[in-house]
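Next come the chains, spelled out residue by residue.
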Amino acid sequence: MSPYAMSMLLSSLSAGTIITLTSTHWFLAWIGLEINTLAMVPLMSKMQHPRATEAATKYFLTQATASALLMFAAATNAWHTGEWTIMNMQTTAPSIMLMIALMIKLAVAPFHLWLPDVIQGLDLMTCLILSTWQKLAPFALLTQINSELNPTLMTFMGMLSIIVGGWGGLNQPQIRKMMAYSSIAHLGWMIIVLTHSNSLMMLNLFIYLIMTSSMFLMLMNLTSTNINKAAISSTKNLPLMSMMMIVLMSLGGLPPTSGFMPKWLILEEIVKQNMTFIATIAALSTMLSLFFYLRLSYVMSLTTSPTTTNSKTLWRLKMNMNKAMSTTIITSTMLLPLTPTILNLF
């Protein structure tokens, strides 16, 4: 793709998200989401491959459905209240329709089925954008209508996302699909706590973005897209492979990594809300996600590839890490001691 076209698409992607983040009017928020979607589709289909075209088509149809439902809900709310203001959601039916539309955009269970197939057809950089940047605009809208959301429905969808995200990734040989189910499980934690604490949701979103970014940046550096390729990553960059194992443990929520902090705080919050059963199920379901992270770590560190590589073994001391990757790796592994400071900030 031409650098000019790429810069135009990335600028449109940024502009669409910023419009949605700063809008207080449903029509402007909808325009921002549409610009976002239309900029994302060419980025998805740039590989000139049938799988990429299929992924772009599925993504477009899903997002168009969610956008149509969102506009219908906003128009229905305007018909009831006479206003297009985002904060003014006083009727039940538009609130539920808006919530469903935003859940479709985020790929929260049971509206998650499009995400693994779409991510599998994309290159790793587009996967990174889809898993991180594309979550910001819907979460900004959910934060604004937080008080109007149905807590029972949100808790149900959050629990279902954690369970589906754990079960779906168990037998996946493809790392991109594994990361898609990981994203679904992490979104479940955010959805559960959203109606109880906005600050905890934002903290979880921030740490999720950092961990997912570092994981995809390392996968791009090692050119690993499935478990067999990950098994020979030690021959490409041994220090980076070691750091990837720690980031995987952070994604699974093991202490003392950064990923433990949001899960610990969210469990504490929902226990305070007398939802002990929900907290127990969420904690147990995290074991499912942790299993496939451990499986990937085991394959990378304790097994050898069944065949030797045809290419020359790379010089191991050449790190080839950029500053963004180094920053995200450090942040995704070492934030736990700073928990009191971070809580004061959020």
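What counts as what
Along each chain, numbering runs from 1 in the same order as the chain's sequence is written. Given that this is a predicted model, residues contribute local features only at a pLDDT of at least 70 and side-chain atom pairs are listed and counted only at 80 or more, while totals for whole chains, interfaces and linings are drawn from all residues. The basis for every side-chain value is the complete set of heavy atoms in the structure, and neither hydrogens nor water enter the calculation. Put simply, the grid is 1 Å and covers the protein atoms alone, a cavity is a trapped set of points that fit a 1.4 Å probe, a pocket is an open set with protein on both sides within 12 Å along at least five of seven lines, and lining residues have an atom within 4 Å of a point. Grid points are joined across faces, edges and corners, and a volume is the space filled by probe spheres set on the points. Runs of H or I in DSSP of at least four residues are treated as helices and runs of E of at least two as strands, each being numbered from the N terminus. The classification used treats Ala, Val, Leu, Ile, Met, Phe, Trp, Tyr, Cys and Pro as nonpolar, Asp, Glu, Lys and Arg as charged, and all other residues, Gly among them, as polar. What counts as a domain boundary in this text is fixed by an automatic or database domain assignment. Working rule for contacts: check all heavy atoms of both residues, and any pair within 4.5 Å makes them a contact. Two parts placed together each lose some accessible area under a 1.4 Å probe, and the buried area is that loss summed for both. Counted as a polar contact is a pair of N or O atoms within 3.5 Å, where, for protein atoms, one must be capable of donating a hydrogen and the other of accepting one, and residues adjacent in sequence contribute only when both atoms are in side chains. Angles here are taken between N-to-C directions and fall from 0 to 180 degrees, while the axes themselves are lines fitted to C-alpha atoms, restricted in helices to the stretch in contact. Roughly parallel means an angle under 35 degrees; roughly antiparallel means over 145; roughly perpendicular covers 65 to 115; every other angle is labelled oblique.

## So, empty space enclosed by the protein
Here is step 1 of the chain: Taken as a whole, this structure holds two cavities of 30 Å³ or more when the rule is applied.
Here is step 2 of the chain: Here the largest cavity is characterised by a volume of approximately 110 Å³.
Here is step 3 of the chain: Lining the largest cavity are L33, N36, T37, Y59, Q63, K105, W114, L130, Q134, K135, A137 and P138.
Here is step 4 of the chain: With three residues, the single largest contributor to the lining of the largest cavity is helix α2 (residues 26-44).
Here is step 5 of the chain: Residues belonging to the lining of the largest cavity are distributed by class as follows: six nonpolar, four polar and two charged.

## Looking at the domain arrangement of the chain
Here is step 1 of the chain: Taken domain by domain, the chain consists of domain 1 (1-108) and domain 2 (150-345).
Here is step 2 of the chain: A C-alpha centroid distance of 26 Å is found between domain 1 and domain 2.
Here is step 3 of the chain: With six residues of domain 1 in contact, the opposing surface of domain 2 contributes eight residues.
Here is step 4 of the chain: For the domain 1 and domain 2 pair, buried surface summed over both sides reaches about 650 Å², with 85% attributable to carbon and sulfur atoms.
Here is step 5 of the chain: Counting the surface domain 1 buries against domain 2, the share from its top three residues, M99, M103 and V108, is 66%.
Here is step 6 of the chain: At the junction of domain 1 and domain 2, the tally comes to zero residue pairs in polar contact (both at pLDDT 80 or more).
Here is step 7 of the chain: Here the residues of the side of domain 1 that touches domain 2 are counted per class, giving six nonpolar, no polar and no charged.

## Observations regarding the packing of helix α7 (residues 136-144) against helix α10 (residues 198-222)
Here is step 1 of the chain: The geometry of α7 relative to α10 is characterised by a closest axis approach of 11 Å and an angle of 175° between their N-to-C directions. Classified by the angle between their axes, α7 and α10 sit roughly antiparallel to one another. Only N198, M201, L205 and L209 of α10 make contact with α7, whose side of the interface consists of L136, F139 and T143.
Here is step 2 of the chain: Taken together, the residues of the contact of α7 with α10 sort by class into five nonpolar, two polar and no charged.

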